[in-house]
Amino acid sequence: MRFLLAAILPWLAGYALAAADELPFAPDIPYYFEHFDPQQRPWQPGHGLNFEEVFKNYQYYEISFVKNRREIQVNHYVRGRNEGSEHYRINPDGTLEKLLQ
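Read on for a plain summary of the structure.

Ordered by their spatial adjacency, six strands build an open sheet running 2-1-3-4-5-6, and the pairing between neighbours is antiparallel. Looking at which strands have only one partner, the edges of the open sheet turn out to be strand 2 (48-49) and strand 6 (96-99). Judged from the four bridges that link them, strand 5 (residues 81-90) and strand 6 form a sheet pairing that is antiparallel. Opposite arginine 89, over in strand 6, you have glutamate 97 as the bridge partner.

Okay, structure coming up:
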């Protein structure tokens, strides 16, 4: 029993650390937010908007996580019109690095 416990504990600890490193968003699915601050350190997307809140806001951001959730595409909308799109890489320290398109 002790040997089994000794074998499982390091695996569980490694799994917990790896899971904490990932943001809790599925890839290639758009998420909507009221604000987007790429200078935030470490970057966190903040409180998301539900579908109804998106259309009530004058301005919002659509963020899609791509490439194993290590890159994001950010679309900025004003009154429902796309005003621009940017791509960022999420660095290991949690900062964002703008990618050239």
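Let us now look at the packing of aromatic side chains. Counted under the stated rule, the structure contains ten aromatic pairs. Between phenylalanine 25 and phenylalanine 65, the ring centres sit 4.7 Å apart and the planes meet at 5 degrees, which makes this aromatic pair stacked. Pair noted here: phenylalanine 25 is in the loop between helix 1 (2-21) and strand 1 (30-33) and phenylalanine 65 is in strand 3 (residues 59-66), with a separation of 40 residues, a long-range link. Ring pairing ties together the aromatic residues Phe25, Tyr31, Phe33, Phe36, Trp43, Tyr61, Phe65 and Tyr88, which thus form one cluster.

Thresholds, definitions, all that
- Residues numbered from 1 in each chain as written.
- Predicted model: local features only at pLDDT ≥ 70, side-chain atom pairs only at ≥ 80, totals over all residues.
- Heavy atoms only, no water.
- Pairing = 2+ DSSP bridges.
- Helix = DSSP H or I, 4+ residues; strand = E, 2+ residues; numbered from the N terminus.
- Phe/Tyr/Trp six-rings, centres within 6.5 Å; stacked < 30°, edge-to-face > 60°.

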